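The residues making up each chain are set out below.
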Amino acid sequence: MQKSESSSYLGPGGLDISKAFFKPIQNAAPPSTTKRHTKVSVIGTGNVGMAIAQTILTQDLADELALVDAKADKLRGEMLDLQHAAAFLPRTKINASIDYSITSGSDLCIVTAGARQIAGESRLNLIQRNLTLFKAIIPPLAKYSPDCILMIVSNPVDVLTYVAWKLSGFPVNRVIGSGTNLDSSRFRFLLADHLDVNAQDVQAYIIGEHGDSSVALWSSISVGGVPVLSFLDRQQIAYEKETLEKIRKEVVQGAYEVISLKGYTSWAIGYSVANLARTILRDQRRIHPVSVLAKGFYGIDGGDVFLSLPAQLGRNGVLGVTNVELTDWEAQQLKNSAMAILEVQKQLDI
């Protein structure tokens with residue numbers, strides 16, 4: 001019996017509508033070899049991971065998004081929930097699996113998996129609970145996406161970025177921690193609030209550990225291009241270092257306060273990481289305070305330690321570290337921050 005035209009589109013799943021719906025263009029050229037397909041994988045679908053995934057989707061940063069988690073039912077539920085929003089989002093292929101092979105060919109792998117920070121708990125106390133987990137996560141990511149950029153968000157982010165670097169075997173420019181990018185956003189918000197200006201007009205960095213020993217670079221803060229501290233000195237406007245330190249402590253306590261109130265942080269870190277992803281995937285070469293291998297910068301030479309420095313990011317990961325002029329006090333605080341992280345690393349079996 002001769003097959004009908006429509007029967008040629010029948011497969012195991014029934015009618016292949018994609019072939020029946022459109023007639024092919026005759027003599028069409030093959031797809032351009034220069035067209036780039038961008039794939040992002042998010043490891044961990046807790047509150048932080050899903051906030052990042054959702055923000056990446058709404059900002060149209062990836063052609064394909066892969067989600068990985070150990071909890072199969074929750075993972076499938078999160079995938080379906082995002083897929084059902086397809087009519088309201090830019091076109092992105094969304095997949096999920098407990099198997100890391102789904103991350104194959106990723107441009108960027110974002111690791112958020114880890115034990116949740118308990119109210120009042122220091123980020124550095126999380127290290128032992130997360131080290132074993134990373135030994136199961138990082139090697140398969142490196143196997144399936146050997147050319148990707150690894151971005152670590154799990155806390156304590158500086159130590160775990162070091163762990164990821166060691167476990168992956170990647171060159172140092174392709175392993176980045178989200179670091180103090182969010183801390184610096186909180187810092188800019190608080191300064192803008194004090195000065196009654198838009199936070200986007202405030203240039204200010206928090207560097208060092210993403211945590212209690214972070215360093216506020218007061219000497220380089222500017223608003224609308226005007227250096228703040230030198231302006232106050234020229235105008236003979238008095239300010240107290242205690243006031244400045246109070247603002248820095250508000251930045252450090254910001255995450256703890258959110259955790260104590262709602263149980264976790266999610267939205268701000270989601271926007272922060274999407275901000276980093278945009279700079280990397282679109283090769284924007286912007287400056288971000290992120291966790292990088294700090295050895296050799298600003299007099300840090302005690303060992304291989306990752307902490308946040310103002311770094312230029314692009315498609316190849318870390319392109320360089322900005323040569324910000326630090327005061328003697330800031331440089332010493334940064335070294336103290338590095339020593340605090342190194343003390344924790346000495347306890348690791350890696």
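Here is what the cut-offs are and how they apply
- Residues numbered from 1 in each chain as written.
- Predicted model: local features only at pLDDT ≥ 70, side-chain atom pairs only at ≥ 80, totals over all residues.
- Heavy atoms only, no water.
- Helix = DSSP H or I, 4+ residues; strand = E, 2+ residues; numbered from the N terminus.
- Expected span 1.5 Å × (residues − 1).
- Buried < 20%, exposed > 50% of the residue type's maximum accessible area, 1.4 Å probe, protein only.
- Contact = heavy atoms within 4.5 Å.
- 1 Å grid on protein atoms, 1.4 Å probe; cavity = no way out; pocket = protein on both sides within 12 Å on 5 of 7 lines; lining within 4 Å.
- Points joined across faces, edges and corners; volume = space filled by probe spheres on them.
- Nonpolar A, V, L, I, M, F, W, Y, C, P; charged D, E, K, R; others polar.
- Pairing = 2+ DSSP bridges.
- Salt bridge = Lys/Arg side-chain N within 4 Å of Asp/Glu carboxyl O.
- pLDDT = per-residue confidence, 0-100.
- Phe/Tyr/Trp six-rings, centres within 6.5 Å; stacked < 30°, edge-to-face > 60°.
- Patch = residues over 30% accessible without salt bridge, like charges linked within 9 Å, V, L, I, M, F, W, Y side chains within 5 Å.
- Areas by Shrake-Rupley, 256 points an atom, 1.4 Å probe, with all protein chains shown as cover.
- Lys, Arg positive; Asp, Glu negative; His and termini not counted.
- Charge placed at Lys NZ, Arg CZ, Asp CG, Glu CD.

**Student:** Lay out helix H5 (residues 157–168) in plain terms, naming residues and giving numbers.
**Tutor:** Between its terminal C-alpha atoms H5 stretches 16 Å, which fits the 16 Å expected from 12 residues at 1.5 Å a residue. Every buried residue belonging to H5 is among Val-157, Asp-158, Val-159, Leu-160, Thr-161, Tyr-162, Val-163, Ala-164, Trp-165 and Ser-168, and all of these are buried. On its buried face, H5 is in contact with helix H4 (127–144), strand S7 (149–152), strand S8 (175–177), strand S14 (287–293), strand S15 (306–314) and helix H10 (328–345). Remark: Gly-169 follows H5 within two positions and exhibits a positive phi of approximately 75°.

**Student:** Can you lay out the layout of surface pockets for me, pointing to particular residues and giving the numbers?
**Tutor:** Considered as a void within the structure, the largest pocket measures approximately 900 Å³ in volume. Forming the boundary of the largest pocket are 41 residues, of which Val-48, Thr-112, Ala-113, Gly-114 and Ala-115 lie nearest the centre. Listing elements by their share of the lining of the largest pocket, those giving two or more residues are helix H2 (47–58), H4, helix H6 (181–195) and helix H8 (241–262). Of all the elements, H4 adds the most residues to the lining of the largest pocket, at four residues. Taken together, the residues of the lining of the largest pocket break down into 18 nonpolar, 16 polar and seven charged. What lines the second largest pocket is a set of 23 residues, among which Asn-181, Ser-185, Arg-188, Asn-275 and Arg-286 lie closest to the centre. Of all the elements in the fold, those that place two or more residues in the lining of the second largest pocket are H6, strand S9 (202–203), helix H9 (267–281) and S14. Grouping the constituent residues of the lining of the second largest pocket by class yields 11 nonpolar, nine polar and three charged.

**Student:** Now, about the sheet that holds S9: what can you tell me, with residues and values included?
**Tutor:** Here we have three strands laid out as an open sheet, ordered S9-S12-S13, and antiparallel in their pairing. Of all strands in the sheet, those bounded by a partner on one side alone are S9 and strand S13 (226–227). Bridge count between S9 and strand S12 (residues 222–223): two bridges; the pairing is antiparallel. Following the sheet pairing, Gln-203 is matched in S12 by Ser-222.

**Student:** Pulling in residues and values, what's your account of the pattern of salt bridges?
**Tutor:** Considering all chains together, one arrives at seven salt bridges under this definition. One connected set of salt bridges, linked through shared partners, spans Arg-36, Asp-107 and Arg-315.

**Student:** Please set out the confidence of the model for the protein residue by residue, giving values where relevant.
**Tutor:** Residues of the protein with pLDDT of at least 70 account for 90%, and the chain-wide mean is 87. Ignoring residues within four places in sequence, the model shows residues 1–10, a span with pLDDT below 50, making seven contacts including any to other chains.

**Student:** Account for unusual backbone geometry, naming residues and giving values.
**Tutor:** Backbone phi values are negative for most residues with the exception of glycine, while trans is the configuration of most peptide bonds. That bond from Asn-155 to Pro-156 is cis: its omega, 0°, falls within 30 degrees of zero. Mapping Pro-156 onto the fold places it in the loop between S7 and H5. A positive phi angle, near 55°, is found at Asn-27, a position not held by glycine. Position of Asn-27 among the secondary structure elements: in the loop between helix H1 (17–21) and strand S3 (39–43). Notably, Asp-60 is not glycine yet its phi reads approximately 55°, a positive angle. Mapped onto the elements, Asp-60 comes out in the loop between H2 and strand S4 (64–68). According to the relative accessible area criterion, Asp-60 is partly exposed, its value standing at 39%.

**Student:** Before we move on, can you summarise the packing of aromatic side chains with the specific residues and values?
**Tutor:** Inspection of the entire model under this criterion finds three aromatic pairs. Measuring from centroid to centroid gives 5.6 Å for Trp-165 and Phe-306, while their planes differ by 55°, and the two rings are tilted. Of this pair, Trp-165 sits in helix H5 while Phe-306 sits in strand S15, and the two are 141 residues apart along the sequence. The residues Trp-165 and Phe-306 share a single accessibility class, namely buried. Note on Phe-187 and Trp-218: the rings are 5.2 Å apart at their centroids and 85° apart in plane angle, and the pair reads as edge-to-face. Of the two residues, Phe-187 is situated in helix H6 and Trp-218 in the loop between strand S11 (215–216) and S12; the sequence distance between them amounts to 31 residues. A single burial state applies to Phe-187 and to Trp-218, both of which are buried. Here the aromatic cluster, defined as three or more aromatic residues joined through ring pairs, consists of Tyr-162, Trp-165 and Phe-306.

**Student:** Lay out H9 in plain terms, naming residues and giving numbers.
**Tutor:** In an α-helix there are 3.6 residues to a turn, and that puts residues three or four apart on one side. Across its 15 residues, H9 extends 21 Å between first and last C-alpha, which sits within 8% of the 21 Å expected from 1.5 Å per residue. Among the residues of H9, Ile-269, Gly-270, Ser-272, Val-273, Ala-274, Leu-276, Ala-277, Thr-279, Ile-280 and Leu-281 are the ones counted as buried. Positive phi shows up at Asp-283, right after H9, with a value of about 50°.

**Student:** Please set out a negative patch on the surface residue by residue, giving values where relevant.
**Tutor:** A cluster of like negative charges, contributed by Asp-193, Asp-196, Glu-250 and Glu-257, occupies part of the molecular surface. Checked against the element boundaries, Asp-193 lands in helix H6. In this structure Asp-193 comes out as exposed when scored by relative accessible area, which is 55%.

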